[in-house]
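# Inside the fold
Chain residues, written in single-letter form:
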Amino acid sequence: MLNLNKNRIALISVTGDPAAEIGKEEAGGQNVYALQVGLALAKLGWKVDMFTRRNHPEQAAIVNHHPDCRTIRLNAGPAKFIGRDKIFEYLPDFVKAFQEFQDREGIQYSLIHSHYWLSSWVGMELSKHQPLRLVHTYHSLGAVKYQSVSDKPAIATTRLATEKACLETADRIIATSPQEQAHMRKLVSNKGEIEVIPCGTDINRFGSVSRTEARAELGIKPDAKVVLYVGRFDRRKGIETLVRAVGQSSLLESDRDKLQLIIGGGYRPGQSDGIERDRIHGIVKELGIDDITTFPGQLGKTNLHLYYAAADVCVVPSHYEPFGLVAIEAMASRTPVVASDVGGLKFTVVPEITGLLAPPKDEQAFAVAIDRILSNPEWRDELGGSGCLRVELAFSWESVANRLALVYNQLLTQPVIPMNPPVLAA
Ligand code: UDP
């Protein structure tokens, strides 16, 4: 019998496996978002099935995170890692596998929340064959990304067309910041309904230890001055700006023995992230700051919260960032943030209150901002306290899930109007 349970939703994240190890192989904010939102919705009473693409033959087909929240891996294309720009051709297989899953389980989802443009294509395609409401979160907009890329990938035209079609036809678009919403309107389309609901963070995990405790656990001296980066090794993340900023820090003269730069994130030797890590390490050596720089690799369940808490300042030097989870994780940990004055970072970081903003790629401005915080521990603590308060008030996963649930409920009580989706060939 077909189960049209109104509280059952499908979350589609073709490229962001919610059950993946975070911090490498393109696994970052989107994966964290999908899992945390899925779990928080399950706690509110929703049954959440999260669909992703199997990218390793040994991966379990289903991972249960909670009695009402599971990751389901569908076969679409070879069971190996494929970069985001090469996945589009396998999407028809993903749609077919999704439909087969529904038939096998006797489920028909009446609401799909898709993540990233590839999944929006899947959602729009499915809506041609079954009545459903489509909610979409972009996580990154091609129209913004390609502004700062010199050689656009072959898939760019398809991506831009899909993003436009989705904005104009989905039942609701979730922008994670007012800045992202403004970009959609300015660069994609005037049509379509957008609602701003930010990303969230685990306020119980981050902020659970003091700086002193975290440093003791990590073996960092109490009087060290720690500058932290957390994230993927990707040029767009602007790690080079951070490294060059530390290379011109005034503390290199006054407090060299105390200054520490920690660059946390996973990488695979020889792959794009491994190559970027080596490039960054090359710059570190060229600047003569190898002795004060460490690369602890991928940070996870046991140590990520410790690194955030141990730092004096967390730097997010991205060229562009639709939201930027790292900034709110650091703020939740009472650590001030120095971030690029772009995208969602302008929304999360309040300058002079929870941290400082600097123009992207401006290593001198980053150096000044970092030094201001490192040289004033009292102000550091003030900024950290305000950041933590801001996250508690605005960015808990519970509040995000509550707001999403309102959108879902509102859409599920409306009659379905066929979407008349545009024709986009795979
Ligand atoms: N992350 C992690 N371990 C690492 C590096 C990153 O768990 O070694 C997590 C980080 O805590 C954050 C996410 O990956 O939750 C990155 O999200 P963000 O929105 O900052 O950037 P994205 O990767 O989506 O571009």
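The residue numbering used here restarts from 1 in each chain and proceeds along that chain's sequence as written. Owing to the predicted nature of the model, reporting of local features is limited to residues with pLDDT of at least 70; listing and counting of side-chain atom pairs is limited to 80 or more, with chain, interface and lining totals taken over all residues. Just so you know, side-chain values use all the structure's heavy atoms and leave hydrogens and water out.

### Observations regarding the overall build of the chain
Formally: Put simply, DSSP marks the helices as runs of H or I at least four residues long and the strands as runs of E at least two long, and each gets a number from the N terminus on. Accessible area is worked out with a 1.4 Å probe on protein chains only. A residue is then buried under 20% of its type maximum, exposed over 50%, and partly exposed in between. Contacts are assigned to residue pairs that have any heavy atoms within 4.5 Å of one another. Each accessible area is a Shrake-Rupley result for a 1.4 Å probe, and residues are judged covered by the shown protein chains and nothing else. As used throughout, the charge tally considers Lys and Arg to be positive and Asp and Glu to be negative, leaving His and the chain termini uncounted. We put the charge of a Lys on NZ, of an Arg on CZ, of an Asp on CG and of a Glu on CD.
Scanning the chain for helices and strands turns up 16 helices and 14 strands. Taking the principal axes of the C-alpha coordinates as reference, the chain spans close to 70 × 45 × 40 Å. Relative to its 426 residues, the chain shows a buried fraction of 56%. The contacts of the chain with a sequence gap of at least 6 include a subset with a gap of at least 24, amounting to 67%. Carbon and sulfur atoms make up 49% of the accessible area of the chain, which totals about 17,500 Å². Mean positive and mean negative side-chain charge positions of the chain (48 and 49 charges, respectively) differ by 4 Å.

### Points about the state of the cysteines
Test applied: Defined by distance alone, a disulfide is two cysteine sulfur atoms within 2.5 Å.
Using the criterion set out here, one finds 0 disulfides in the structure. Distance from the sulfur of Cys166, which forms no disulfide, to the nearest cysteine sulfur (Cys199) is 16 Å. In this model Cys199 remains outside any disulfide bridge; the closest cysteine sulfur is found in Cys314, 16 Å from its own.

### Observations regarding the packing of aromatic side chains
Quick reminder of the rule: A pair of aromatic rings is counted whenever rings of Phe, Tyr or Trp (Trp by its six-membered ring) have centres within 6.5 Å, and the orientation is called stacked for planes under 30 degrees apart, edge-to-face for over 60 and tilted otherwise.
Inspection of every chain in the model, using the stated rule, returns 13 aromatic pairs. For the pair Phe51 and Tyr109, a centre-to-centre distance of 5.6 Å together with 85 degrees between the ring planes defines the contact as edge-to-face. Of this pair, Phe51 sits in strand β2 (residues 47–53) while Tyr109 sits in the loop between α2 (91–105) and β5 (111–115); the two residues are 58 residues apart in sequence, bridging distant segments of the chain. Judged by relative accessible area, Phe51 falls into the buried class, the value being 0%. For Tyr109, a relative accessible area of 1% translates into the label buried. Here Phe206 and Tyr308 contribute two aromatic rings whose centre-to-centre distance is 5.4 Å and whose plane-to-plane angle is 80 degrees, an arrangement assigned as edge-to-face. Of this pair, Phe206 sits in the loop between β8 (194–196) and α7 (211–218) while Tyr308 is found in helix α11 (residues 304–310), placing the two residues 102 residues apart along the sequence. As far as burial versus exposure is concerned, Phe206 and Tyr308 are alike and both buried. Connected via pairs of aromatic rings, a cluster forms that spans Phe51, Phe98, Phe101 and Tyr109.

### Examining the packing of helix α1 (residues 29–43) against helix α16 (residues 397–412)
To be explicit about the condition: The angle between two axes is taken between their N-to-C directions and runs from 0 to 180 degrees, where each axis is a line fitted to C-alpha atoms and a helix contributes only its stretch in contact. What sets the label is the angle itself: under 35 degrees gives roughly parallel, over 145 gives roughly antiparallel, 65 to 115 gives roughly perpendicular, and the rest give oblique. Ten residues, namely Ala, Val, Leu, Ile, Met, Phe, Trp, Tyr, Cys and Pro, are considered nonpolar, four, namely Asp, Glu, Lys and Arg, are considered charged, and the remaining ones, Gly among them, are considered polar.
Packing of α1 against α16 leaves a shortest axis separation of 9 Å and a crossing angle of 75 degrees. It follows that α1 is roughly perpendicular to α16 by the angle criterion. Here α1 contributes Val32, Tyr33, Gln36, Val37, Ala40 and Leu41 to the contact with α16, which in turn contributes Trp397, Val400, Ala401, Leu404, Ala405 and Tyr408. Looking at the contact of α1 with α16 residue by residue, the classes come out as 11 nonpolar, 1 polar and no charged.

### Some details on the site of the ligand
Rules: Definition of nearness: a residue and a molecule or strand are near each other if at least one heavy atom of the residue lies within 4 Å of the molecule or strand. Residues adjacent in sequence count toward polar contacts only when both atoms are side-chain atoms; beyond that, a polar contact is any pair of N or O atoms within 3.5 Å, and within protein one must be able to donate a hydrogen and the other to accept it. What marks off one domain from the next here is an automatic or database domain assignment.
Surrounding the ligand, one finds 21 residues, the nearest of these being Gly29, Arg232, Lys237, Leu299 and Glu329. A distance of 2.7 Å is found between a nitrogen atom of the ligand and a backbone nitrogen or oxygen belonging to Leu299. Take Leu325: an N or O atom from its main chain is 2.9 Å from an oxygen atom of the ligand. Summarising the interface, the protein chains cover 91% of the accessible area of the ligand, which totals 540 Å² for the free molecule. Within the residue set of the shell around the ligand, elements represented by two or more residues are α1, α11 and α12 (325–332). Counting residues per element, the shell around the ligand draws most heavily on α12, which supplies 3 residues. Counted by class, the shell around the ligand contains 8 nonpolar, 8 polar and 5 charged residues. For the shell around the ligand, the two domains that each supply at least three residues are domain 1 (8–200 + 397–412) and domain 2 (211–394).

### Comments concerning the UniProt feature "domain: Glycosyl transferase family" (unreviewed entry) in the chain
Applied cut-off: UniProt positions are given in the numbering used here, feature names are shortened, and annotations may be inferred rather than shown by experiment.
Sequence positions flagged by UniProt for "domain: Glycosyl transferase family" (unreviewed entry) are, in local numbering, residues 211–384. The span residues 211–384 is 43% helix and 17% strand, and its two end C-alpha atoms sit 11 Å from each other.

### Some thoughts on the pattern of salt bridges
The cut-off we apply is this: For salt bridges, the criterion is a side-chain nitrogen of Lys or Arg within 4 Å of an Asp or Glu carboxyl oxygen.
If you walk through the whole model with that rule in mind, you get 27 salt bridges. For the salt bridge of Lys96 with Glu100, the shortest nitrogen-to-oxygen distance reads 3.9 Å. Here Glu100 and Lys96 lie together in helix α2, a separation of 4 residues that amounts to about one turn. Residues Arg172 and Glu193 are paired through a salt bridge, measuring 3.4 Å at the closest nitrogen-oxygen approach. Highlighted residues: Arg172 in strand β7 (residues 172–175) and Glu193 in the loop between α6 (178–188) and β8, separated in sequence by 21 residues. Under the relative-accessibility criterion, Arg172 is labelled buried at 4%.

### What to know about the side chain of Thr201
Its place among the elements puts Thr201 in the loop between β8 and α7. Each residue touching Thr201, except ones within four places of it in the same chain, is listed here: Phe206, Ile328, Glu329, Ala332, Val391, Phe395, Ser396 and Trp397.

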